[in-house]
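Structure assessment
Here's the letter readout for the chains.
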Amino acid sequence: MPVGRRILFLDDDPTRGVEFLTFNPDAVWVETVADCITALGEPWDEVHLDHDLGGEHFVEHDRDDCGMAVIRWLCEEPRPHLLSSLFVIHTHNPGAALAMVFQLQSMGYLVQERPFGAPPPGPGDRRPPWMSRVGDFLARILMR
């Protein structure tokens, strides 16, 4: 990590938190939506967001205690201090990841979908991972 890069990491899993901080020791780790939104009042170079918080898995998007609540906050009004930030959606909930990516992209944010533990995209990677899943889903529907 280049010196001076500001990284925010939202995740409730202590194992992932410790692992992330091992590779990004200067990152700021938050575990709740409220703490994340407070931190987002400042500029960040990277913001890593999980969806399912509170020890739950595959939660509904409309809850106030999930990563989508952060996305709604980001999209409710312009946040010019975050437009140059890279948002990395690292949830393993594919439906939530897709919704989070689309919402952020529609507001002009730079965003990647990368489940926690997956390697970053290489220089030859042309499509984000979620595009492959969308293509596979559409192919299944059209083949019916």
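Scope of this entry: the structure provided in the associated data block.

Criteria and cut-off values
- Residues numbered from 1 in each chain as written.
- Predicted model: local features only at pLDDT ≥ 70, side-chain atom pairs only at ≥ 80, totals over all residues.
- Heavy atoms only, no water.
- Helix = DSSP H or I, 4+ residues; strand = E, 2+ residues; numbered from the N terminus.
- Buried < 20%, exposed > 50% of the residue type's maximum accessible area, 1.4 Å probe, protein only.
- Contact = heavy atoms within 4.5 Å.
- Areas by Shrake-Rupley, 256 points an atom, 1.4 Å probe, with all protein chains shown as cover.
- Pairing = 2+ DSSP bridges.
- Right-handed = clockwise from strand over helix to strand, strands pointing away.
- Axes fitted to C-alpha atoms, helices over the stretch in contact; angles between N-to-C directions.
- Core = buried A, V, L, I, M, F, W, Y, C linked by side-chain atoms within 4.5 Å.
- Parallel < 35°, antiparallel > 145°, perpendicular 65-115°, else oblique.
- Nonpolar A, V, L, I, M, F, W, Y, C, P; charged D, E, K, R; others polar.
- Polar contact = N/O pair within 3.5 Å; in protein donor to acceptor, adjacent residues only side chain to side chain.

Describing the overall build of the protein chain
Broken down by element type, the protein chain carries five helices and five strands. Ordered by position in the sequence, the α and β elements of the protein chain form the string β-α-β-α-β-α-β-α-β-α. The proportion of buried residues among the 144 residues of the protein chain is 39%. Excluding contacts between residues fewer than 6 apart, the proportion of contacts in the protein chain whose partners are at least 24 apart in sequence is 62%. Of the accessible surface of the protein chain, which amounts to about 8200 Å², a share of 59% is contributed by carbon and sulfur atoms.

Details of the pairing of strand β1 (residues 7-10)
With burial as the criterion, each face of β1 is covered, one bearing I7 and F9 and the other bearing L8 and L10. One ladder, built from four bridges, connects β1 with strand β3 (residues 46-49); its direction is parallel. When the bridges of β3 are listed, L10 appears paired with L49. Bridge count for β1 against strand β2 (residues 28-30) is three bridges, and the pairing is parallel. Across the sheet, L8 pairs through a bridge with V28, a residue of β2. At this point the chain moves from β1, through helix α1 (residues 14-23), to the parallel β2, and the crossover so formed is right-handed.

Some points on the sheet that holds strand β4 (residues 86-89)
In space, the five strands of this open sheet follow the order β2-β1-β3-β4-β5, with parallel pairing throughout. Strand pairing shows two members of the sheet lacking a second neighbour, β2 and β5 (110-113), which therefore form its edges. Across this sheet, the average inter-strand angle for adjacent strands is 15 degrees, counted without regard to direction. Note: β3 against β4, four bridges, orientation parallel. Paired with E46 across the strands is L86, a residue of β4.

What to know about the nonpolar core
Ranked by internal contacts, the top residues of the largest apolar core, which has 28 residues, are L40, L49, L74 and F87. Those elements that provide at least two residues to this core are β1, α2 (33-39), β3, α3 (67-76), β4 and α4 (94-106). In terms of residues, this core owes the most to one element, α3, which gives seven residues. Formed by five residues, the second largest nonpolar core is a distinct cluster that contains I7, F9, F20 and F116.

Points about the packing of α3 against α4
Packing of α3 against α4 brings their axes to within 10 Å, and their N-to-C directions diverge by 10 degrees. Between α3 and α4, the crossing angle belongs to the class labelled roughly parallel. Residue-level contacts link G67, M68, I71, L74 and C75 of α3 to A96, A99, M100, Q103 and L104 of α4. The residue inventory of the contact of α3 with α4, partitioned by class, reads eight nonpolar, two polar and no charged.

A word on the environment of Q105
By secondary structure assignment, the location of Q105 is in helix α4. By relative accessible area, which is 35% here, Q105 ends up partly exposed. As a C-alpha pair, Q105 and F87 span 18 residues in sequence and 9.9 Å in three-dimensional space.

Focus on the side chain of H48
Within the secondary structure layout, H48 lies in strand β3. Accessibility expressed as a relative area gives 6% for H48, which makes it buried. A polar contact of 2.8 Å, which involves the side chain of H48, links it to the side chain of E46. In this structure H48 touches I7, L8, F9, L10, F20, V88, H90 and R114, once residues within four positions along its chain are discounted.

The analysis is restricted to geometry; functional conclusions fall outside its scope.
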